[in-house]
Amino acid sequence: MTENTSLPAGTVMAAAGAAARAIPPVWPLASSVAVNPFLGQTGETLAETGARLARVAGLPVTMPREWYLSRLEAGRITDADLEAALAASCHAARPASVSDLKEAAARPRRRPHALPTVAEMASDHCGLDWPGLVADRVSQWAASFFDAGQALWKAPKRRGAYAEWRAVATHDLTPEIHGLEGFAAHVAEAPEHAEDAIARAASRLGLVDAALPTYFHQLLMTMGGWAQYARYQLWQAELGGGTDPVVTEMLAIRLLWEEALFIQYEEAILDRWERVRASHAAPLAPGEDLVVDEILQEAAERAAQREIAATLATQPPAPATERPSLQAAFCIDVRSEVFRRALESVDPGIETLGFAGFFGLATKHRGFASDVEELRLPVLLNPGVCSVAGGPEIEEADRQARFTARAKRAWGRFKFAAVSSFAFVEAMGPVYAGRLVRDALGLEEGKLPDGPAPRLDPALSLSERVGAAETVLRAMSLTEGFGRIVLLAGHGANVTNNPHASAYHCGACGGYSGEVNARLLAALLNDPEVRQGVAAKGIEIPGDTLFVAALHDTTTDTVKLYEADIDASQHKALLGDVKGWLAKAGRVARAERALRLPRAAGEAEVAARARDWAEVRPEWALAGCRAFIAAPRTRTGGRSLEGRAFLHNYDWRADEGFGVLELIMTAPVVVASWISLQYYGSTVAPQAFGGGNKLLHNVTGGIGVVEGNGGLMRAGLPWQAVHDGEGLAHEPLRLSVCIEAPREAMSDILKRHDGVRALFDNRWLHLFALDEAGQVAWRYTGDLEWEAVEGVARPGPVLKAVG
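Conventions and cut-offs
Residues numbered from 1 in each chain as written. Predicted model: local features only at pLDDT ≥ 70, side-chain atom pairs only at ≥ 80, totals over all residues. Heavy atoms only, no water. 1 Å grid on protein atoms, 1.4 Å probe; cavity = no way out; pocket = protein on both sides within 12 Å on 5 of 7 lines; lining within 4 Å. Points joined across faces, edges and corners; volume = space filled by probe spheres on them. Helix = DSSP H or I, 4+ residues; strand = E, 2+ residues; numbered from the N terminus. Nonpolar A, V, L, I, M, F, W, Y, C, P; charged D, E, K, R; others polar. Contact = heavy atoms within 4.5 Å. Polar contact = N/O pair within 3.5 Å; in protein donor to acceptor, adjacent residues only side chain to side chain. Core = buried A, V, L, I, M, F, W, Y, C linked by side-chain atoms within 4.5 Å. Buried < 20%, exposed > 50% of the residue type's maximum accessible area, 1.4 Å probe, protein only. Phe/Tyr/Trp six-rings, centres within 6.5 Å; stacked < 30°, edge-to-face > 60°. Lys NZ or Arg CZ within 6 Å of the ring centre and 35° of its normal. Axes fitted to C-alpha atoms, helices over the stretch in contact; angles between N-to-C directions. Left-handed = near helix turned anticlockwise from the far one by under 90°. Pairing = 2+ DSSP bridges. Salt bridge = Lys/Arg side-chain N within 4 Å of Asp/Glu carboxyl O. Patch = residues over 30% accessible without salt bridge, like charges linked within 9 Å, V, L, I, M, F, W, Y side chains within 5 Å. Areas by Shrake-Rupley, 256 points an atom, 1.4 Å probe, with all protein chains shown as cover.

Draft legend 1. A look at the layout of surface pockets. Each pocket or cavity is described by its volume, and for the largest pocket that value is around 1,300 Å³. Residue lining of the largest pocket: 47 residues in total, with Pro319, Ala320, Glu351, Arg633 and Thr634 positioned closest to the centre. At the level of elements, helix 15 (288-313), helix 16 (334-346), strand 2 (350-355) and helix 25 (659-666) are the ones that each hand at least two residues to the lining of the largest pocket. Residue contributions to the lining of the largest pocket peak at 4 residues, all from strand 2. When its residues are assigned to classes, the lining of the largest pocket shows 16 nonpolar, 17 polar and 14 charged. The calculated volume of the second largest pocket comes to roughly 1,000 Å³. Contributing to the lining of the second largest pocket are 29 residues, with Arg435, Asn494, Val495, Thr496 and Asn497 lying nearest its centre. Secondary-structure elements contributing two or more residues to the lining of the second largest pocket are strand 4 (373-376), helix 19 (433-441) and helix 21 (515-526).

Draft legend 2. Structural view of the environment of aspartate 371. Relative to the helices and strands, aspartate 371 resides in the loop between strand 3 (363-366) and strand 4. Taking the C-alpha atoms as reference points, aspartate 371 and proline 25, separated by 346 residues in sequence, lie 25 Å from one another. Excluding residues within four positions of it along the chain, aspartate 371 makes contact with Arg366 and Arg402. A distance of 3.1 Å separates polar atoms of two side chains, one belonging to aspartate 371 and the other to arginine 402.

Draft legend 3. Region of the structure containing empty space enclosed by the protein. By the definition in use, this model includes 6 cavities of 30 Å³ or more. Quantified by volume, the largest cavity comes out at close to 490 Å³. Looking at the largest cavity, it is lined by 41 residues, and the ones nearest its centre are Ser32, Val33, Ala503, Gln678 and Leu717. Broken down by secondary-structure element, the contributors of at least two residues to the lining of the largest cavity are helix 26 (668-684), strand 14 (704-707) and strand 15 (717-718). The dominant element in the lining of the largest cavity, judged by the number of residues it contributes, is helix 26, at 3 residues. Grouping the amino acids of the lining of the largest cavity by side-chain chemistry returns 25 nonpolar, 11 polar and 5 charged.

Draft legend 4. Representation of the nonpolar core in the model. Judged by nonpolar contacts, the single largest core of 169 residues is most densely connected at Phe146, Phe216, Phe628, Phe646, Leu661 and Leu767. With 17 residues, the top contributor of residues to this core is helix 14 (residues 246-281). What leucine 661 contacts, discounting residues up to four positions off in sequence, is Tyr650, Asp655, Ile739, Ala741, Ala745, Met746 and Ile749. Grouped together as the second largest cluster of nonpolar side chains are 33 residues, Leu525, Val534, Phe547 and Tyr562 included.

Draft legend 5. Geometry of the environment of aspartate 124. When you line up the elements, aspartate 124 lands in helix 6 (residues 118-126). Residue classification places aspartate 124 among the exposed residues on the basis of a relative accessible area of 53%.

Draft legend 6. Expanded view of the packing of aromatic side chains. Overall, the coordinates contain 27 aromatic pairs when judged by the stated rule. Centre to centre, the rings of tryptophan 67 and tyrosine 68 are 5.0 Å apart; their planes meet at 90°, and the pair counts as edge-to-face. Like tyrosine 68, tryptophan 67 is buried. Against the face of tyrosine 562 rests lysine 560, its NZ or CZ located 5.4 Å from the ring centre.

Draft legend 7. Here's a closer look at the packing of helix 11 (residues 194-204) against helix 14. It is at 9 Å that the axes of helix 11 and helix 14 come closest, and there the two elements cross at 35°. Two packed elements cross with a definite hand, and for helix 11 against helix 14 that hand is left-handed. In this structure, helix 11 contributes Ala194, Ala197, Ile198, Arg200, Ala201 and Arg204 to the contact, and helix 14 contributes Thr248, Glu249, Leu251, Ala252, Leu255, Leu256, Glu259, Phe262 and Ile263. Of the residues in the contact of helix 11 with helix 14, the class split is 10 nonpolar, 1 polar and 4 charged.

Draft legend 8. Inspection of the sheet that holds strand 18 (residues 776-782) at higher detail. Reading across the sheet, the 6 strands line up as 11-10-16-17-18-19 and stay open at both edges, with mixed pairing between neighbours. Whereas interior strands pair on both sides, the edge strands pair on one side only; in this sheet they are strand 11 (645-648) and strand 19 (785-788). The sheet shows a mean angle of 25° between the axes of neighbouring strands, direction not considered.

Draft legend 9. Geometry of the sheet that holds strand 1 (residues 326-331). As summarised here, the arrangement of the 5 strands in space is 2-1-7-8-9, forming an open sheet in which the pairing is mixed. Looking along the sheet, the strands with just one partner apiece sit at the ends: strand 2 and strand 9 (558-561). Sheet twist, expressed as the mean angle between neighbouring strand axes with direction ignored, is 30°. Contacting strand 1, strand 2, strand 7 (485-492), strand 8 (546-553) and strand 9, helix 16 crosses the sheet at an angle of about 165° to strand 2. Each of strand 1, strand 2, strand 7, strand 8 and strand 9 touches helix 23 (residues 572-594); the most contacted strand, strand 9, lies at about 155° to it.

Draft legend 10. Summary view of the side chain of glutamate 298. With respect to the helices and strands, the residue glutamate 298 is situated in helix 15. On the basis of relative accessible area, glutamate 298 is assigned to the buried category, the value being 4%.

Draft legend 11. Focus on the pairing of strand 8. Taken across its 8 residues, strand 8 has 8 buried, putting it largely inside the fold. Burial along strand 8 is two-sided: Leu546, Val548, Ala550 and His552 and Phe547, Ala549, Leu551 and Asp553, pointing in opposite directions, are all buried. Of the strand pairs in this sheet, strand 7 and strand 8 are connected by 8 bridges, and their pairing is parallel. Residue pairing across strands places histidine 491 opposite histidine 552, the latter belonging to strand 8. Judged from the 4 bridges that link them, strand 8 and strand 9 form a sheet pairing that is antiparallel. Of the residues in strand 9, the one forming a bridge with aspartate 553 is threonine 558. Counting the residues between successive antiparallel strands, the hairpin from strand 8 to strand 9 contains 4 residues, one of them, aspartate 557, with a positive phi of roughly 55°.

Draft legend 12. Highlighting the pattern of salt bridges. Counted under the stated rule, the structure contains 59 salt bridges. Residue arginine 76 is joined to glutamate 731 by a salt bridge in which the shortest nitrogen-to-oxygen separation is 2.9 Å. Taken together, the positions of arginine 76 in the loop between helix 3 (65-74) and helix 4 (79-88) and glutamate 731 in the loop between strand 15 and strand 16 (736-739) put the pair 655 residues apart, joining distant regions of the chain. By relative accessible area, which is 35% here, arginine 76 ends up partly exposed.

Draft legend 13. Representation of a nonpolar patch on the surface in the model. Nonpolar side chains collect at one region of the surface, where Leu152, Trp153 and Phe416 lie side by side and expose about 430 Å² of accessible area between them. Its place among the elements puts tryptophan 153 in the loop between helix 7 (130-145) and helix 8 (161-169). Using a relative accessible area of 74% as the deciding quantity, one classes tryptophan 153 as exposed.

Spatial relationships are all this shows, so hold off on functional conclusions.
Below, the structure is given as structure tokens:
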């Protein structure tokens, strides 16, 4: 018999809280955004994270050795890259020389194996698939409990996850049918509160305090996307200043399974369990394999950084001297880089800018005929304003649309109800034949979001509107040189039969398309009173400048203009030219994108992918992302960054006090890191951080997907989002952030933001300073230190007062 140990309740719950924050959140399908799967490990290096994830989940954190060796053989990774990466390693277990590193890299890497759970040890002993049964029963209950509208019969949620699960589990005979004796009684006799259940299970399992963090982390990892969705609910609660015990309650549920299996199989597994407990209590330290892998990954990234530096070092085109006919502001999304470059190529009077796609307006929005509050803002922020579609003039149309929507919902419930669904198929099936043919052949054009113009509700005062406009314009580095037309282009995607549709939308808009934010900002900047107000603050917007909201469809590379929102009577001819320029740019962008897309013979075939309900790769989204550049457009204009760089306009000389720089480093850079690291995690560890195979997906609970007819909810990117069927479409590299700004200013910001500093100090991101010529000149090495980049003789700009 194992000896029960009594741990202080505070110690146990502190470990439970740490485990909850060690797993990443996952957003629901309706507003899916990229999430850094290593969010809970940003305080550790890649090798240290590898040691942790190997213990709790058997996961690699880098590519197989063959991937690096092939790049060495091809000359993409050089000996100089290896030498620099080796010198940058902080681990004592690193090889002594480049030759030793190469020798270690040529040896096969030991496959990581997770420590076994009690369920796995019981399964090994008796031959029954207890981990599979646990996953199945947890998933069946969680899909019902977390359901967001898919189920016709709603599960009760009032008492919380732990209490509602107990109510179900005490009547679930499945575990006992499979041989887990007295499970229902075990659950019924469990403590009423999750905290007490966790403490009791930890005591009965004989866990010491040092073993709790990784063991609890492991149990949450075995719950897959369900634990991550619970983490999302905690994230949302904490963002609003509250808390939510749901992750802790999920841990208690999983521990009760472990406890019940341990009671039944204790005698058979005790010796092995004692060794596992001791391993969980042992300090985490990366071994030689993990250190070598981290160095190889660093070398691969340094090779990519050389390519980026070479691109930025090429001769820029001559800057335009005349007032631009069109200024087009796009989201910093890497897909915009291709379209911006194409648009600039069709006419010399076009200038483009990059800015976060929510355009500085963090709004909680209600759409036409809807009471759903859409958070159209980065998930790191709370909403600052509220907006609605239309005004009192559309009240009757709103009412009629709601009646129509209710009728459709009633019809939908009739179609899917337990009894009527059978009669429905027999009686109404032929009626749908025409629709099936149209959809199967992709005959219907996709529709981009439209509807009444959004308005702020409640409306802001004049001083608030002026303040918002000034803040956004300065953050865009757009305070002078306005064109006659300034296009504010949000972005979204137009896909069909795709549960992950929102993942193609704008991450800065919380997984929604960006037209609402663009239309709100255009209305704000076209307001004569606002223009007078910002003029008093030193921003003169010419009287003939017109702001026009637009939406860039990243799947088809078409752009929709929201002309109904504006009076364009004085700009009709120019607006016609703009439409022509956008159409030409779309053809150029589609032709470039077709080169990467499987089975796309030319630009004409790209748009059809949006309407193909069997297409698993309508576009590549952000696959391939590897750089974030914040600098004037002249530093990147006329150069191809291959749709692999986030581009943010920034002029440090106009940024008094470096408030805009701080905003960039703490918001867009962090969001971009989430995107980059989600692609990284879904590529190197798809079994845990990937969404699985799209061909097998079924939506569960209206919030996520499972593969086939059950199993754990899958979080992360589907395999088809990073692989083209023959090879990887995404090169797993941590993001290189290049900013044209004084190093001292960036260091000062890192001093004040520990979370951002941890990303750079532990190399989840790489930071570079560009010099006054826009070349990569300085590398951040951690601990607020910088080193000169080889081959660049110029010093970086000197920090000085800006006025």
